[in-house]
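Fold and geometry: a report
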Amino acid sequence: MIREKLNYVVSRNTAISTAAVWLGVAAAVVVVAVPWLPYFGTPAFMHWAVEVMCYLILAQMWNLLAGYAGLMSVGMQAFVGVGGYSVFIFAQHLGVNPFLSIPIAGATAALAAALTAPLVFRMRGGYFAIGTWVLAEVFRIGFSNVSALGGGSGQSLTVMTRIDRGAREIAIYLIAATTLIVASVGINLLLRSRFGLGLTALRDSEAAAESQGVDVRLLKLQVYTLSSLGAGLVGAIYYTSILRISPFAAFDLNWVVAATFIVVIGGIGSVEGPIVGAAIFFGLRSLLADYGTWYWLVMGAVAVIVIMFAPTGVWGYVRARWDIQLLPLQRRLVLKGMTKAGAAAATPAPATVR
Amino acid sequence: MFEAADTIIQGLLLGGLYALFAIGLSITYGVMRLVNIAHGDFLVLAAYLALWPVMNLHMNPFVAILPVVVLMFCLGYTLQRVILNRTMGANFLAPMLATFGISIILRNGLQQIYHSDSRSFDIGTLGTDSIHLGPRIAIGEFPLLVFVVSVILTLATSLLFSRTRIGIALRATSDDAQTAGLMGIRAKRTYAIALGLSLALVAVGGVFAGIRTTFTPESGPASLLYAFEAVVIGGMGSFWGTFAGAVILGVAQGAGAKIGAGFGILTGHLVFLAVLALKPTGLFERSR
């Protein structure tokens, strides 16, 4: 059909993805403007929004690990806890500005991850998953034995009382929003980079990625550290927001359960998936708020059903059904000098890198 | 010296109980590379299943184990057939995520029915009687019984895998499911038997754990971690390795508990991490 020399460009953008990016920018502007909006700028709403954003960031981090690097972690709460406790150590005990303590806490969590990685990386697959959980338990027991940090009952962030309550709530909301936006943009840029290409290759086939020269081990270590930085920031933001920490809450398995369900239901291995998943997660939560444990029962059941019948999640199903790609992460070969329809027809499906 | 000997003996006996937790996990990982995150929650489920006849029919807990074991085998078989087999493939993630979901369903379901009250089984004087071996060493009759049962079940599982047709099918499927399929072994059915066996064994562990101490719907994760640690310390390859791993874990926890209250579990975790650092394939690894 095509007799001349193939003349093509690699294109990432589609009409929908361009629209989605602008929609994302608009959403970011709205999210940042919330404290000054009439109806939404209430402390109750902002408090809820901080929680939603924390879970969304954590889900994105878990997705980066499981969905791309193929590392399933059941121990991410280790770094949520280390991040949370680090804020209390730096702000409450060392006198650092509480808001400045948040990025420091994220870095501390990343450091803790990098230092313990050689140990947990001795395990693979399912062993790695439970091994990280053991690590989280060691951290939890360790922190509950530090009496300066309140031992098993934890402590309050009393230094925060020096800051005006209204200003404090807006500040923590803006920090959460900024972290979410930076994380979202960061993940997108990351996935478009050489690093991300390696990561996408790793997601699709570890053996194939390795044979193409991707340093799989190094890449996994980098992703593990990076996602722990995110988890640490989540812990730091969340526990600065609620002003109280205890070992059982900070190292609670429910952190990773929530992140896992959000990613699995929304769609593993895509950036849009966790956003869809978080919407479903919090939607169901507000619907079933009065039924206590029923909420987790329903979430568990929905997750199992999704794994059985739609392994790529709700977003994966939608994307496959209507061939939508919201974020410009996919590469298509577009032949030059052809009509759009012709280009689409001439583009073989395997040339599309999602 | 007597104290040290006593600590080791008590740890050994505790290890016998952990072996009952761990062998089932070793089976599912050995046969189908599945790390069942719900393993500990199934253990707790078995204890609650035994609670019903014990409370309502005044059945002896030891007798109640039998119907519960049968029930748990059927549950494991059905679960693998209906849910997990659909998720099995090249990727280890999907079946593991499914067990994660099942774990949350079980834990919250039990919470919904039984609330957080801690329960226990009463076996009368057997629970408190002990045999005196020396001036300061006493062995509880019940922990000794658990240990003996654990040895018998480990032996039985080993023989099942090495001597019976089902065992050969299980090992063949573990080595190469496709080739085993050519020999007429249906992998899906074999996997279902493996999960059935796994849950049947953990059911015994669950009821024994319920006699030894108390249990709540939240007890599952801790049991899973002990079982997992025993399997990793022992290394894959033989059920006696898992048994030895469980005993090492039991002794480590017992020794740690001597240092201070609350340090037992931490010491167990640290011994697990130490083994991981020094010999990640486990202490008694043997290629099958």
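Look up: the structure comes first, before these words.
1. So, the overall build of chain A
When helices and strands are counted, chain A shows 15 helices and four strands. Relative to the compact-globule value of 20 Å for 354 residues, chain A shows a C-alpha radius of gyration of 22 Å, a close match. Along the longest, intermediate and shortest principal axes, the C-alpha atoms of chain A span 75 × 50 × 40 Å. Counting every position in chain A, which comprises 354 residues, the buried fraction comes to 51%. Carbon and sulfur atoms provide 67% of the accessible area of chain A, an area that totals close to 15700 Å². Between the mean site of the 23 positive side-chain charges and the mean site of the 13 negative ones, chain A shows a separation of 7 Å.

2. Quick look at the environment of Ala303 of chain A
Residues and elements named next belong to chain A. Mapped onto the elements of the fold, Ala303 is located in helix α13 (residues 293–309). Taking relative accessible area as the criterion, Ala303 reaches 1% and is therefore assigned buried. Beyond its immediate stretch of four places on either side in the chain, Ala303 contacts Phe261, Val264 and Ile265.

3. Examining a nonpolar patch on the surface
Residue and element names in this part refer to chain A. Together, Val21, Trp22, Val25 and Val29 make up an exposed nonpolar region whose accessible area comes to about 400 Å². Here Val25 shows up in helix α1 (residues 15–33). Since its relative accessible area comes to 41%, Val25 is described here as partly exposed.

4. Quick notes on the interface of chain A and chain B
Contact residues are listed per partner, giving 38 residues for chain A and 42 residues for chain B. Interface of chain A and chain B: buried area, both sides summed, is about 3500 Å²; carbon and sulfur atoms make up 83% of it. The interface formed by chain A and chain B holds zero salt bridges in total. At the junction of chain A with chain B, the criterion picks out three residue pairs in polar contact (both at pLDDT 80 or more). Among the elements of the structure, α2 (43–68), α5 (125–144), α11 (254–266) and α13 of chain A are those that each provide at least two residues to the side of chain A that touches chain B.

5. Digging into the nonpolar core
Counting residues in hydrophobic clusters, the biggest one holds 197 residues, and the most contacted among them are Met72, Phe79 and Tyr224 of chain A together with Phe42 of chain B. Among the elements that make up this core, the one with the highest residue count is α2 of chain A (17 residues).

6. Describing the environment of Trp52 of chain B
All names here are of chain B. Assignment of secondary structure puts Trp52 in helix α2 (residues 39–56). What makes Trp52 exposed here is its relative accessible area of 51%. When the C-alpha positions of Trp52 and Ala64 are compared, they lie 9.0 Å apart, and in sequence the two are 12 residues distant.

7. Describing a positive patch on the surface
Residue and element names in this part refer to chain B. A cluster of basic side chains, namely Arg81, Arg86, Arg186, Lys188 and Arg189, defines a positive patch on the protein surface. Of all the secondary structure elements, the ones that give two or more residues to the positive patch are α3 (61–87) and α8 (187–212). Along the chain, Lys188 falls in helix α8.

Rules used throughout
- Residues numbered from 1 in each chain as written.
- Chains lettered and ligands numbered in written order.
- Predicted model: local features only at pLDDT ≥ 70, side-chain atom pairs only at ≥ 80, totals over all residues.
- Heavy atoms only, no water.
- Helix = DSSP H or I, 4+ residues; strand = E, 2+ residues; numbered from the N terminus.
- Rg over C-alpha atoms; globule rule 2.2 N^0.38 Å.
- Buried < 20%, exposed > 50% of the residue type's maximum accessible area, 1.4 Å probe, protein only.
- Areas by Shrake-Rupley, 256 points an atom, 1.4 Å probe, with all protein chains shown as cover.
- Lys, Arg positive; Asp, Glu negative; His and termini not counted.
- Charge placed at Lys NZ, Arg CZ, Asp CG, Glu CD.
- Contact = heavy atoms within 4.5 Å.
- Patch = residues over 30% accessible without salt bridge, like charges linked within 9 Å, V, L, I, M, F, W, Y side chains within 5 Å.
- Salt bridge = Lys/Arg side-chain N within 4 Å of Asp/Glu carboxyl O.
- Buried area = accessible area lost by both parts, 1.4 Å probe.
- Polar contact = N/O pair within 3.5 Å; in protein donor to acceptor, adjacent residues only side chain to side chain.
- Core = buried A, V, L, I, M, F, W, Y, C linked by side-chain atoms within 4.5 Å.

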